[in-house]
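Examining the three-dimensional arrangement
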Amino acid sequence: MAEKVLENFLSCHVCSETFKDPVSLSCNHNFCSSCLQKFWEQAGNKNCPICKRKFSKEDLEVNFTLKELADSFAKRQNSAVTDEEKEIKKEEVVCVQHSEVPYWFCEDEQKAVCPVCEFSLHQTHKVVPLQQAVSDLKEQLESDLKSLEDKRDKYEQVEITYNKMIQHSKNQLLSTEKQIKAEFNKLHQFLKDEEESRLAALKKEGEQKEEIVNGEMKRTKEQISSLSDSISAVEQELEKDNMPFLSSYKPTQTTARAQCSRSDPQLVSGVLIDVAKHLGNLAFRVWEKMEEKVHFSPVILDPNTANPRLYLSDDLISVRHGDTEQDLPDNPERFIQYASVLGSEGFSSGKHSWEVEVGDHPDWIIGLAKETVDKNEPKPSPENGFWCLCHGKGKYTNGHGQTVTMKKSLQRIRVQLDYESGQVSFYNSEDETEIYTHRDTFTEKLFPLYNIGKAVDVKTTDIKICQREINVN
């Protein structure tokens with residue numbers, strides 16, 4: 001206790017350290033000589049740091065008694081300092097202006113200050129103990145560190161998603177390339193078969209025409225040979241003398257006149273190849289035959305929007321709810337929370353219609369959704385940008401949750417959009433009766449929407465968009 005009192009008595013009021021070359025003012029306040037000089041330089045006056053009375057350099061008196069006590073106390077204190085404390089003191093940062101150890105922290109200027117700075121320059125500022133400031137700032141920095149780590153985690157998750165998207169895109173590239181080749185192989189095979197068929201028909205006609213000409217040529221040669229024989233017989237008769245001639249000319253003459261009375265030879269028509277039949281509108285007629293193999297789907301599903309639990313057909317016109325979730329990237333277009341998928345083409349004007357085969361599937365939603373629809377929105381209502389017809393738990397409802405009464409179960413439904421009139425209508429394709437019509441005002445592009453649940457103990461597992469035949473005439 002006495003040691004502490006002595007330490008306080010021998011401490012400078014400016015630097016709070018044991019006096020070094022102490023001087024006294026007539027107001028009986030004592031300071032280190034260097035501390036007082038620095039204080040006066042910083043303050044721009046020569047007032048006592050404690051009582052503020054004015055003095056001059058001539059008023060300073062060295063207090064030898066206090067100096068002896070301070071030097072003795074400092075020597076005793078230094079001998080008690082441990083090696084560890086010495087190392088700590090070596091690392092202490094001192095004020096560049098006053099060569100004093102900073103014990104305070106100015107919150108206004110956000111810097112550490114020594115006792116001289118605090119007393120002379122920061123009296124009107126908010127000053128707290130350095131340790132408290134360091135503790136508070138470290139706490140703030142730890143909070144910033146947590147925010148940085150959270151932000152980094154989010155970016156790392158995005159990086160993972162991008163890597164997943166890159167790999168998925170590569171898989172899509174290979175799969176799509178394979179399917180394109182398969183489709184063109186079908187077309188190539190069709191064209192090859194059609195080419196072979198038409199070449200065979202051409203060859204068959206050529207053989208038939210050649211057979212006709214050969215037959216006519218054979219008959220013509222026979223006539224030429226017969227006529228040549230008659231000519232020879234006539235010539236022989238003409239060379240005979242009178243009596244032999246008279247006795248034998250009659251049969252020869254009869255035969256010759258019979259042959260001369262025959263009609264002149266006529267060329268048979270139609271023995272040339274019917275080139276026009278084989279080449280006329282050839283490409284069009286091949287295209288016409290392709291009608292049996294090529295169909296048009298008014299809606300194509302977009303796999304990039306499909307929930308991972310949904311499985312699309314290779315031709316992208318049917319969808320089913322699978323038992324397992326596919327490993328797909330969480331790209332912004334995709335429905336993650338709900339088992340939905342959009343059509344690939346949107347509509348911002350005009351009239352459009354398509355039919356959907358739902359069969360006896362127990363759980364589905366079909367209709368349209370606006371382009372900016374919230375893909376995490378659980379309620380498919382017009383207020384949320386959905387215009388739909390729903391089926392679940394054995395009943396039909398509209399987008400407002402109202403029950404739609406049906407005389408019999410729907411198997412095939414026609415969806416019809418009239419953008420300018422603001423109407424989305426649903427019809428029973430079997431008898432063309434209207435099921436329900438949404439009336440609204442559309443302000444952005446609308447996309448066909450399909451949501452499908454699990455199918456248990458039913459025949460229909462897929463919801464399918466009905467294709468249309470192409471009429472080339």
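Predicted model only: the values in this text are computed from it and were never measured. (Residues numbered from 1 in each chain as written. Predicted model: local features only at pLDDT ≥ 70, side-chain atom pairs only at ≥ 80, totals over all residues. Heavy atoms only, no water.)

1. Thoughts on the sheet that holds strand β2 (residues 30-32)
Pairing is antiparallel in the open sheet, where 3 strands are placed in the order β2-β1-β3. Sheet topology places β2 and β3 (61-62) at the edges, where each strand pairs with a single neighbour. Sheet topology note: the strand β1 (residues 22-24)/β3 ladder contains 2 bridges and is antiparallel. Opposite serine 24, over in β3, you have glutamate 61 as the bridge partner. Helix-sheet contacts for helix α2 (residues 33-43) involve β1 and β2, and the interaxial angle to β2 is about 90 degrees. (Pairing = 2+ DSSP bridges. Helix = DSSP H or I, 4+ residues; strand = E, 2+ residues; numbered from the N terminus. Contact = heavy atoms within 4.5 Å. Axes fitted to C-alpha atoms, helices over the stretch in contact; angles between N-to-C directions.)

2. Observations regarding the layout of surface pockets
The volume enclosed by the largest pocket comes to roughly 1300 Å³. Looking at the lining of the largest pocket, the elements with two or more residues in it are α6 (130-239), β7 (295-296) and β8 (310-312). Here the lining of the largest pocket gets 14 residues from one element, more than from any other, and that element is α6. (1 Å grid on protein atoms, 1.4 Å probe; cavity = no way out; pocket = protein on both sides within 12 Å on 5 of 7 lines; lining within 4 Å. Points joined across faces, edges and corners; volume = space filled by probe spheres on them.)

3. Here's the deal with the sheet that holds strand β15 (residues 403-404)
An order of β10-β19-β12-β13-β14-β15 is seen for the 6 strands of this open sheet, with the pairing classed as antiparallel. Edge positions in the sheet fall to β10 (340-342) and β15, since each has one partner strand and no second. Summarising the sheet, strand β12 (residues 364-370) and strand β19 (residues 446-452) pair through 7 bridges and their orientation is antiparallel. By the bridge assignment for β19, leucine 368 is matched with proline 448.

4. A look at the packing of aromatic side chains
The description of two aromatic rings rests on the distance between their centres and on the angle between their planes. Summed over the entire model, instances satisfying the criterion amount to 6 aromatic pairs. When the centroid spacing of 5.1 Å and the interplanar angle of 20 degrees are considered together, the rings of phenylalanine 245 and tyrosine 249 count as stacked. With phenylalanine 245 and tyrosine 249 both in helix α7 (residues 242-260) and 4 residues apart, this pair spans about one turn of that helix. Relative accessible area serves as the criterion here: at 26%, phenylalanine 245 is assigned to the partly exposed category. Ring centres 5.9 Å apart and planes at 85 degrees place the aromatic pair phenylalanine 284 and tryptophan 287 in the edge-to-face group. A residue pair is termed a helical-turn pair when its members lie 3 or 4 positions apart in one helix, as phenylalanine 284 and tryptophan 287 do in helix α9 (residues 282-289) at 3 residues. Given a relative accessible area of 46%, tryptophan 287 falls into the partly exposed group. By the ring-pair criterion, three or more aromatic residues cluster together here, those being Trp387, Tyr419 and Phe442. Sitting above the plane of the tyrosine 311 ring, arginine 320 keeps its charged end 4.7 Å from the centroid. (Phe/Tyr/Trp six-rings, centres within 6.5 Å; stacked < 30°, edge-to-face > 60°. Buried < 20%, exposed > 50% of the residue type's maximum accessible area, 1.4 Å probe, protein only. Lys NZ or Arg CZ within 6 Å of the ring centre and 35° of its normal.)

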